[in-house]
Amino acid sequence: MKKIVLFALGLVASATTFAQEEIETTVATDVVSSYIWRGQDLGSAAIQPTLGIGYKGLSLTAWGSYGLTDPADTKEFDLTVGYTIGGLNIGVTDYWFNAGLDPENRYFKYDAHGTNHVFEANIGYDFGVASLQWYTNFSGNDGVNKDGDRAYSSYVEATVPFRLATVDWTATAGAVPFATDFYGTNGFAVTNLSLRADKEIKVTDTFSIPIFGQVTANPCSQKAYLVLGISLHP
C-alpha cells in the first residue's frame, strides 16, 4: 500500500500533475528506512521504484516496494491509471501484495475469496494551497466492518505544502471514516498525522542528492514513526 508516499504513497503515485502536450515518462526510485503508509507500518527498509507514462492528463504508473533487510516483508506491485484536468484528479489502483514467503500468493490469482489484489478508486482536488483526496476499495481483498460485511474501506486525506527555511514541507492529515479491519478501525478514526521535509544535499556543483525526512503519528493505533529516505530521479 502506499506512498503516498507517495507520496506515499499516500500517496497514489502519478506520472503527471497537469495535462501535457507531449508524452512524458517517469523513471525514479525511493530508498526508505521503513515503509509507512497512511499511518500503518508495512515493513522495514525498502526500495520503492516507479515507472510511469503520461499524455495530456492521462497517466499509467507502476510502483513497487521490496524489503531490503527482512525477507518476510511484504512485496508490493501496484498499477495506477489516472486522469488530471485542472485541479481535479481521478484514478483506479490495483494493489498486489506478496505477503511473507507464502508461495500461493500468485500475481494472477483473482479468486473471489483468495486474491491478494485490492482495487481502489480515488478522486481529489488540488486547490493550490492545499489538496484533498478520497480513496475507496471497491473490489478484491478488502477488509470487513463490525458486522463481517465488506467494508468498502475508505480513507480521506488533506495535504498542505509550504516552504520554510529553504526546505519544502508537506503537512498531512488522514482519517478512516468507517469501521474496517483493513485499517484497524472501529469507526471514524484519525490514522495519519505527518510532517515531511524535502531538501537537496549539494555534493558538487553539478550533483546533489534529494533526501527527505518524515514524522508520522497514528492516533488510532497510538504509534509514531520517523522515516528517512533518498529519492533518485533524472
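Check the entry above for the structure.
Counting of residues starts from 1 at the beginning of each chain's written sequence and follows it residue by residue. The model is predicted, so local features are restricted to residues of pLDDT at least 70 and side-chain atom pairs to those at 80 or more, both for listing and for counting; the totals for chains, interfaces and linings are taken over all residues. Where side-chain values are given, they derive from all heavy atoms of the structure, hydrogens and water being excluded.

Caption draft 1: Examining the overall build of the protein chain more closely. Per the convention used, a helix needs a DSSP run of H or I reaching at least four residues, while a strand needs a run of E reaching at least two, with both numbered from the N terminus. When helices and strands are tallied, the protein chain shows zero helices and 14 strands. Walking the protein chain from its N terminus toward its C terminus, one meets helices and strands in the order β-β-β-β-β-β-β-β-β-β-β-β-β-β. A total of 234 residues make up the protein chain; the buried ones form 44% of that total. Accessible area for the protein chain stands at about 12,200 Å²; split by element, carbon and sulfur atoms hold 65% of it. In this scheme, a residue with accessible area under 20% of its type's maximum is buried, one over 50% is exposed, and one in between is partly exposed, where area comes from a 1.4 Å probe on protein chains only. Note that accessible areas follow from Shrake-Rupley with a 1.4 Å probe, and for residues the cover is restricted to the protein chains shown.

Caption draft 2: Region of interest: the pattern of salt bridges. One side-chain nitrogen of Lys or Arg within 4 Å of one carboxyl oxygen of Asp or Glu is enough to make a salt bridge. One pass over the structure, following the stated rule, counts four salt bridges. Ionic pairing is found between Arg 163 and Asp 168, a salt bridge with its closest N-O pair at 2.7 Å. Accessibility expressed as a relative area gives 55% for Arg 163, which makes it exposed. A residue is classified by how much of its surface remains accessible, and Asp 168, at 39% relative accessible area, is partly exposed.

Caption draft 3: Local environment of the nonpolar core. Counting eleven residues, the largest nonpolar core is built from Tyr 35, Trp 37, Trp 63, Tyr 95, Phe 97, Val 118, Tyr 135, Tyr 155, Val 176, Phe 182 and Tyr 183. Going through the elements one at a time, β2 (35–37) and β7 (88–98) are the ones with two or more residues in this core. Contact partners of Val 118, with chain neighbours within four places excluded, come to Thr 93, Asp 94, Tyr 95, Phe 97, Asn 137, Ser 139, Asn 141 and Phe 182. To define a nonpolar core, start from buried Ala, Val, Leu, Ile, Met, Phe, Trp, Tyr and Cys residues and group those joined through side-chain atoms within 4.5 Å. By definition in these notes, contact holds between two residues if any of their heavy atoms fall within 4.5 Å.

Caption draft 4: Highlighting the environment of Thr 216. Secondary-structure assignment places Thr 216 in strand β13 (residues 208–218). The sequence separation of Thr 216 and Arg 38 amounts to 178 residues, and the corresponding C-alpha distance is 8.9 Å. Residues in contact with Thr 216, not counting those within four places in the same chain, are Ile 36, Gly 39, Asn 192, Leu 193, Ser 194, Lys 223, Ala 224 and Tyr 225. Pairs of N or O atoms are called polar contacts if they sit within 3.5 Å, as long as, within protein, a hydrogen donor faces a hydrogen acceptor (for residues adjacent in sequence, only side-chain-to-side-chain pairs). For Thr 216, the side chain forms a polar contact with the side chain of Gln 214, separated by 3.0 Å.

Caption draft 5: Geometry of the sheet that holds strand β6 (residues 75–85). In spatial order, the strands read β1-β4-β5-β6-β7-β8-β9-β10-β11-β12-β13-β14; together these twelve strands close into a barrel with antiparallel pairing. In this sheet, neighbouring strand axes are inclined to one another by 20° on average, regardless of whether the strands run parallel or antiparallel. If DSSP finds at least two bridges between two strands, the strands pair. One ladder, built from eight bridges, connects strand β5 (residues 58–67) with β6; its direction is antiparallel. Across the sheet, residue Leu 58 finds its bridge partner in β6, namely Tyr 83. Note on definitions: angles span 0 to 180 degrees between N-to-C directions of axes, and those axes are lines fitted to C-alpha atoms, for helices only across the stretch in contact.

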